[in-house]
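# Descriptive analysis of the structure
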Amino acid sequence: MALEKMDSAEKITEGKSSSGNKSAFSNRRACLIKKASELAILCGCEVAIIGYSNDGKLFEYASSDMAKIMKRVEECQRIKKGVPVNHDPEREEDVLREEMEKLKQKEDQHVLGRDLNSMSREDL
């Protein structure tokens, strides 16, 4: 049924720049941003819109931090192309330190004779 409505709809054609088109653009932009906001709220997703008017003016909308969304887009594009994603070396170092600390604590527990059930016979 929805397809029937689409087929019978009037064709959209590109018109010459006029004040009527500018107001139509403004109204459609507002509707687009409203729909994007609703999508973000109802579905709990992140939405970003970047556009340019015929005059070359930038408009953008982001349901959260635009820089964060754009960073995710760039990472996804790199992964698609097979280019390795640059990780934050400081964050990676922190994660490795945390893992080493956990292992050291576990080893200390074994040396003290605690939590020996998790060890294999060979380790004992």
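Structure shown above.
Cut-offs used in this document
Residues numbered from 1 in each chain as written. Predicted model: local features only at pLDDT ≥ 70, side-chain atom pairs only at ≥ 80, totals over all residues. Heavy atoms only, no water. Buried < 20%, exposed > 50% of the residue type's maximum accessible area, 1.4 Å probe, protein only. Helix = DSSP H or I, 4+ residues; strand = E, 2+ residues; numbered from the N terminus. Pairing = 2+ DSSP bridges. Core = buried A, V, L, I, M, F, W, Y, C linked by side-chain atoms within 4.5 Å. Contact = heavy atoms within 4.5 Å. Expected span 1.5 Å × (residues − 1).

Take the pairing of strand 1 (residues 48-52) next. With burial as the criterion, only one face of strand 1 is covered, namely that bearing Ile49 and Gly51; the residues Ala48, Ile50 and Tyr52 on the opposite face remain uncovered. The pairing of strand 1 with strand 2 (residues 58-62) spans 5 bridges and is classified as antiparallel. Looking across to strand 2, one finds that Ile49 is bridged to Tyr61. The loop that links strand 1 with its antiparallel partner strand 2 comprises 5 residues; one of these, Gly56, has a positive phi angle of about 90°.

We now examine the nonpolar core. Counting residues in hydrophobic clusters, the biggest one holds 6 residues: Ala36, Ala40, Val47, Ile49, Phe59 and Tyr61. Leaving out residues up to four positions away in the same chain, Ala36 has contacts with Val47, Ile49 and Tyr61.

Between its first and last C-alpha, helix 2 (residues 19-43) extends 36 Å over 25 residues, near the 36 Å set by a 1.5 Å rise per residue. Two residues or fewer past helix 2, Gly44 is found with a positive phi of approximately 65°.

This paragraph deals with helix 3 (residues 66-81). A turn of α-helix holds 3.6 residues, and therefore any two residues three or four places apart point the same way. For helix 3, built from 16 residues, the straight-helix expectation of 22 Å at 1.5 Å per residue is met to within 8% by its first-to-last C-alpha distance of 23 Å. Phi turns positive one or two residues past the end of helix 3, at Gly82, with a value near 85°.

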